[in-house]
Amino acid sequence: MKVLLVSADPKVRETMELTVRSVKRAVGAQPVEFLEATDGLQGMRLAWRYGPDLVVADEITSRAGAFALAKDLKGALPPHPARIVILLDRAQDEWLAAWSEADAWFVKPVNPFEPAEALTGLLAAPRKEAV
């Protein structure tokens, strides 16, 4: 399983890595390979190059934020098959997460175990392959 973590903040990337590692056991996934990007443009390049199963993006990411990243990946023809999770800075931005077609979102600060149930469901579901 490949996971792309997109955030300028290393602490956010570390917290989400812990969360993904905790759900890995629940879904019986093979070893997890983590890819890291510090901005949205780098995240887009890595997503298309390495085809991660899951992208976790921090809302406040320079050079194309999490919403642009999700919208570009989900809106491409064919759409990128990764599940996309956005970490929001405020609850008022939930409509933007929905608009961007993210599969799930959470408002920071996020306890590493809070999104575990949602991630377990996302990762256990069959992955949609690009056409």
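What counts, and where the lines are drawn
Residues numbered from 1 in each chain as written. Predicted model: local features only at pLDDT ≥ 70, side-chain atom pairs only at ≥ 80, totals over all residues. Heavy atoms only, no water. Helix = DSSP H or I, 4+ residues; strand = E, 2+ residues; numbered from the N terminus. Buried < 20%, exposed > 50% of the residue type's maximum accessible area, 1.4 Å probe, protein only. Contact = heavy atoms within 4.5 Å. Lys, Arg positive; Asp, Glu negative; His and termini not counted. Salt bridge = Lys/Arg side-chain N within 4 Å of Asp/Glu carboxyl O. Polar contact = N/O pair within 3.5 Å; in protein donor to acceptor, adjacent residues only side chain to side chain.

> When you look at the overall build of the protein chain in this model, what are you seeing that I'm missing?
Within the protein chain, the secondary structure is distributed over 5 helices and 5 strands. Its helices and strands in sequence order give the protein chain the pattern β-α-β-α-β-α-β-α-β-α, from N to C terminus. The buried share among the 131 residues of the protein chain stands at 45%. For the protein chain, the share of sequence-separated contacts (at least 6 apart) that also reach a separation of at least 24 residues comes to 63%.

> Which parts of the structure should I look at to understand the side chain of Glu59?
Relative to the elements of secondary structure, Glu59 occurs in the loop between β3 (54–58) and α3 (66–75). Of the side chains with opposite charge, Arg90 comes closest to the buried, unpaired Glu59, at an N-O distance of 5.2 Å. Here the side chain of Glu59 touches Asp89 through a polar contact of 2.6 Å, landing on its backbone nitrogen. Not counting residues within four places of it along the chain, the set of residues in contact with Glu59 comprises Gly65, Ala66, Phe67, Ile86, Leu87, Leu88, Asp89, Arg90 and Asp93.

> What is the right way to look at unusual backbone geometry in this model?
Backbone phi values are negative for most residues with the exception of glycine, while trans is the configuration of most peptide bonds. Cis rather than trans, the peptide bond between Leu77 and Pro78 has omega equal to -5°. Secondary-structure assignment places Pro78 in the loop between α3 and β4 (83–88). Backbone torsion omega between Lys108 and Pro109 reads 0°, so that peptide bond is classified as cis. Note that Pro109 resides in the loop between β5 (104–107) and α5 (116–124). Here the phi dihedral of Glu101 falls at roughly 70°; this positive angle occurs in a residue that is not glycine. The residue Glu101 is located in the loop between α4 (94–99) and β5 in this model.

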